[in-house]
Amino acid sequence: MTFLVGHSNAGKSTAIETLLYPLGLTTARIMPEVRSCQEIRLTFRVAGTRWQATRKGAEPLARVLVRNLDDERDIGRPLPVASASGEVTAGGFVQDLLGLPAASRGTARLTLDTLYGTVMALRQTTIASQFLGGVKDKERILALEVILGLWSEALADLEKNASEAESQHRAAQSALNQFKRLRDSGALTNPSETLREYDQRQLEHKAAAERAQSANAALSSAIGEHGRLVALHKAAEQQRRKTAKQAEDARARLSRTQADLARAEGVLSGLLSTPPAECTGCGQGLPEREPGQCRQCGQALHGAEDRREKTLASARAKADRLRLDLGGLQEAAAAAGQAAAGAEEAAAQALALRDAYERDHLAPARQTAQRAEKEAFGLSRDVAQLKKQIDNADYIKAQAQVITEAKTRMKAAQAARDAAKSADEVRRKEVTVLWSEFFLKRLQQINPAVESAFIDPADFTTRVKERDEADKSFDDSSVGGNPKAVTNIALLLALRDLGRADAKVRVPPLLIIDSPLSGLGSTGLDHETSLRLIDTLISVAADPASDGYGCQVIAATNDPLPRAYPGVREIHIDTTNRFFDHAPSADD
C-alpha cells in the first residue's frame, strides 16, 4: 500500500496519471513534468515474471521498449503506442501478458486503456461523480465480462451470427410488406392484364424498331448524297477562287502594261519635240555649232549617226513592243474574266443544290429517323416496365420462400446463441451473486449503515440500501458523505476479492485511486468514514494472494495518514519536493 501525500496542485495526479504511461496508454495525461523527462521506466511483475517498460517522456507516440528482466538474453522489443498496420502495440502486448483477450462486440473494443479506466484506476475527476470512471456502457460491460470470465469468442460469434440472421429476416419481411402495400394501393396491376399489355407492347415495339431501322437507312443514304453535294460545292468553290485569282492577275498585268506604254509614248513624244535651245546648266541660249558638233558642249559627235536619232529609234521600238503586248494581255484578261464568271456561277449552283438537298431531303430524313427512334425507345421502356411487373407477379411466392429460409436460419442461430447464453447466464448469476456479497462486505467496512447491496448481472450496475432509506442506484445516490466514491471503491475492492475466490476472474492485482477521501470531511461521521476507508484499503493490500503477491494499492491523499501503519509507504509531495524529482527507485 502506497499513499502519495500532498496538498492540492502538489503533483499527485500527475504522478498517478503517468504511473502506467510507459505501458503505452493513450489516456494518460502528458504533463510538463512528464515531457521534461528523457525517459520514464516502469518495472512490474506479471505471474511471477519481472518486466520493464521504457518510454520517452517528450514523445507521446514514441515506441515503448519492453524487456523481460528474468531473461538475460532478452534485449527488449520496441513496440508502437498505436498501430494502423496490424502491428502489436505496447498496450496490446501488456494486455496479452495479463491473459485478457482483445475482445470486441460491435463498436466496443477491449484495450489496455479501457481496462485502466474501468477496473484498474479511479481518477480524481470522476471518482465521486461517474460510475467506474464514466466509461461508455457497452465498453464497461464488455470489459467486466472479460474480467469476470463471462466473455468467449465462441459466444461472441454466435451472438454476431444471430444478430445478422435477425437483420436478414427483418429485411426480407420488410421488403414483402412494402410490396404488398404497393399492390393494395393499386400501384401494381393485375398480372393477366399486364401480360396481355406486355404482348401488345412487344408487337408495337417490333414494328417501331423496323420503322426506325428503315428510317435510319434512308437517313444514311441522304447523308451520303448530301456529302457528295458538299464535296461538289467545295470543288466548285476552289475553282471559283482559282479563276478569280487568275482574272485578277490578268487585269493587273494589263494595267501594268498600259502604264508602261503610256510612259514609253510620253518619252517618245518628248524626243520628237524641238530640241532644247537653252543650256541645261545655265539656261542661256545655245550658240550655233558646226555640223557634227554638240550644240551644248561643242564637242565632236562620234559615229555616222546622231545620238538623238538612236534614242528616238529605241523609244519607238519600245512603244511598238508594248502596243503589241497590250493586245495579247487584253485578250487574256477578257478570257480570264469570262472563266471567273463561269466558275462563280458554277459555285453558286453547287451551293444552291447542296442547301436545297439539305432542306428538302436530309433534314426531313433526320427528323423521321429521330421520331422513329424515340418511338421505339419509349416502347422498349414500356416493355421493360411491363416485364418487371410480370416478374413481380411471382414475387410474393418467391419472397415468402426467402422469408421462410431466413426465419429458419434465424431460429437456428438464436437457438445456438440462447443455448450458449443459458450456460453463460448461470455463470453470470453465480459470479454477480458472489461479487455482490463481497461488495456488501466492503461497503459495510467503510459505511456500517449499509444494509444491502446488489450488482445487476446484465449491465453490472449497482443498487445500495442504507438504514432507514430506500435502495438507490449509483446515479440516484446523494453527494453527502460521498457515497458515489465509496461505491466505486468498494465495487473494485470486491472485484479483487472475487478474483481471489474464483480462478476464472482475471482482474489485475493493481488498484490506483486518486483522492479516495475527496468529499469527506475531517470531523464527525465523515472523519470516521475516512478512517474506515483507509483501513479497508490497507487490509486489501496486506492480504496476500495464493501466488505470494497481493493486490498493490496506490492512492493519493491531501493529508498524512492519522497514524503509522505497518507495511504502508507514504511519499510526501510538495512544490519543492516533486514526485519526478524524488521518485522512489525500483529497489526501494
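The following paragraphs examine the structure supplied in this document.

### Considerations on the overall build of the protein chain
Of regular secondary structure, the protein chain possesses eleven helices and 14 strands. When burial is assessed residue by residue, the protein chain has 36% of its 588 residues classed as buried. In the protein chain, once contacts between residues fewer than 6 apart in sequence are set aside, the share between residues at least 24 apart is 64%. Only carbon and sulfur atoms are counted for the fraction: they give 52% of the accessible area of the protein chain, which is about 33200 Å².

### Section: the sheet that holds strand 4 (residues 64–68)
Ordered in space as 2-3-4-5, the four strands form an open sheet in which the pairing is antiparallel. The sheet is open, and its two edges are formed by strand 2 (40–46) and strand 5 (77–79), each paired on a single side. Averaged over all neighbouring strand pairs, the angle between strand axes comes to 25°, with direction disregarded. Both strand 2 and strand 3 (residues 49–55) contribute to a ladder of seven bridges, which runs antiparallel. Its bridge partner being in strand 3, isoleucine 40 is matched across the sheet by arginine 55. Along the sheet face, helix 3 (residues 90–97) touches strand 2, strand 3, strand 4 and strand 5 and points at about 115° away from the line of strand 5.

### What to know about the pattern of salt bridges
All told, the structure shown has 27 salt bridges when counted by the stated rule. For glutamate 375, the salt bridge goes to arginine 211, with nearest N and O atoms at 2.9 Å. A residue pair is termed long-range when its members are at least 10 positions apart, and glutamate 375 in helix 8 (residues 307–393) and arginine 211 in helix 7 (residues 191–272) qualify at 164 residues. Across the pair aspartate 325 and arginine 321 runs a salt bridge, and its minimum N-O distance is 3.7 Å. Placement of both aspartate 325 and arginine 321 in helix 8 is noted, with a separation of four residues, approximately one turn of the helix. On the basis of relative accessibility, which here comes to 34%, the residue aspartate 325 falls in the partly exposed class. Its relative accessible area of 46% is what places arginine 321 among the partly exposed residues. Sharing partners across several salt bridges, the network here consists of Glu237, Arg240, Arg241 and Glu344.

### A look at the sheet that holds strand 10 (residues 462–466)
Pairing within the open sheet is antiparallel, and its three strands lie in the order 9-10-11. For this open sheet the edge positions go to strand 9 (450–455) and strand 11 (472–473), each flanked by a neighbour on one side alone. The pairing of strand 9 with strand 10 spans five bridges and is antiparallel. Bridge assignment links valine 450 to a residue of strand 10, and that residue is glutamate 466.

### Quick look at the packing of aromatic side chains
Scanning all chains against the criterion turns up three aromatic pairs. Between tryptophan 435 and phenylalanine 460, the aromatic rings sit 6.2 Å apart at their centres with planes inclined by 45°, giving tilted as the arrangement. Here phenylalanine 460 lies in the loop between strand 9 and strand 10 and tryptophan 435 lies in helix 9 (residues 395–446), a separation of 25 residues in the sequence. Look at tryptophan 435 and you get buried, because its relative accessible area is 0%.

### Regarding helix 10 (residues 483–501)
Here helix 10 spans 26 Å end to end across 19 residues, near enough to the 27 Å set by a 1.5 Å rise per residue. Counting buried residues along helix 10, 16 of its 19 residues qualify, which places the element largely inside the surrounding structure.

### What to know about helix 1 (residues 12–19)
Among the eight residues of helix 1, seven are classified as buried, and the element is accordingly described as predominantly covered. What helix 1 keeps buried is the set Lys12, Ser13, Thr14, Ala15, Ile16, Glu17 and Thr18. Structurally, helix 1 contributes buried residues whose contacts are with strand 1 (2–5), helix 2 (32–35), strand 2, helix 4 (112–120), strand 12 (510–514) and strand 13 (552–557).

### Some remarks on the environment of leucine 517
By the secondary structure assignment, leucine 517 is in the loop between strand 12 and helix 11 (524–542). Along the chain, leucine 517 and alanine 555 lie 38 residues apart, while their C-alpha atoms are 9.7 Å from each other.

### Regarding the nonpolar core
Among the nonpolar cores identified, the biggest contains 94 residues, and Met1, Phe3, Leu20, Leu148, Trp435, Phe439 and Leu495 are the most heavily contacted of them. By residue number, the principal contributor to this core is helix 10, which donates ten residues. In terms of nonpolar packing, the next biggest core, distinct from the first, is built from 13 residues, Ala365, Ala369, Ala372 and Leu379 among them.

### Here we look at the packing of helix 4 against helix 5 (residues 137–147)
Remark: helix 4 packs on helix 5, axes separated minimally by 10 Å, with the N-to-C direction vectors making an angle of 80°. Regarding the angle of helix 4 to helix 5, the classification is roughly perpendicular. Between helix 4 and helix 5, the residues in contact are Thr114, Leu115, Thr118 and Val119 and Glu139, Arg140, Ala143, Leu144 and Ile147, respectively. Tallied by class, residues from the contact of helix 4 with helix 5 come to five nonpolar, two polar and two charged.

### A short note on the environment of tryptophan 435
Spatially, the C-alpha atom of tryptophan 435 lies 8.1 Å from that of aspartate 497, the residues being 62 residues apart in sequence. Apart from residues lying up to four places away in sequence, tryptophan 435 is in contact with Leu144, Leu148, Ile455, Phe460, Leu491, Ala494, Leu495 and Leu498.

### Let's talk about the environment of isoleucine 489
Inspection of the secondary structure puts isoleucine 489 in helix 10. In this structure isoleucine 489 comes out as buried when scored by relative accessible area, which is 0%. Sequence-wise, isoleucine 489 and leucine 132 are 357 residues apart; in three dimensions their C-alpha atoms are separated by 8.8 Å. In this structure, isoleucine 489 is in contact with Leu122, Ile127, Ile513, Pro516, Leu533 and Leu537, ignoring residues within four places of it in sequence.

### Quick look at unusual backbone geometry
A positive phi is found at alanine 47, a non-glycine position, where the angle reads about 55°. Looking at where alanine 47 falls in the secondary structure, it is placed in the loop between strand 2 and strand 3. Overall, alanine 47 belongs to the exposed group, its relative accessible area being 74%. Positive phi is not limited to glycine here, since aspartate 468 has a value of about 65°. Tracing the sequence through the fold places aspartate 468 in the loop between strand 10 and strand 11. Assessed through its relative accessible area of 76%, aspartate 468 is described here as exposed.

Definitions and cut-offs
Residues numbered from 1 in each chain as written. Predicted model: local features only at pLDDT ≥ 70, side-chain atom pairs only at ≥ 80, totals over all residues. Heavy atoms only, no water. Helix = DSSP H or I, 4+ residues; strand = E, 2+ residues; numbered from the N terminus. Buried < 20%, exposed > 50% of the residue type's maximum accessible area, 1.4 Å probe, protein only. Contact = heavy atoms within 4.5 Å. Areas by Shrake-Rupley, 256 points an atom, 1.4 Å probe, with all protein chains shown as cover. Pairing = 2+ DSSP bridges. Axes fitted to C-alpha atoms, helices over the stretch in contact; angles between N-to-C directions. Salt bridge = Lys/Arg side-chain N within 4 Å of Asp/Glu carboxyl O. Phe/Tyr/Trp six-rings, centres within 6.5 Å; stacked < 30°, edge-to-face > 60°. Expected span 1.5 Å × (residues − 1). Core = buried A, V, L, I, M, F, W, Y, C linked by side-chain atoms within 4.5 Å. Parallel < 35°, antiparallel > 145°, perpendicular 65-115°, else oblique. Nonpolar A, V, L, I, M, F, W, Y, C, P; charged D, E, K, R; others polar.

The quantities given are spatial measurements derived from coordinates; they are silent on function.
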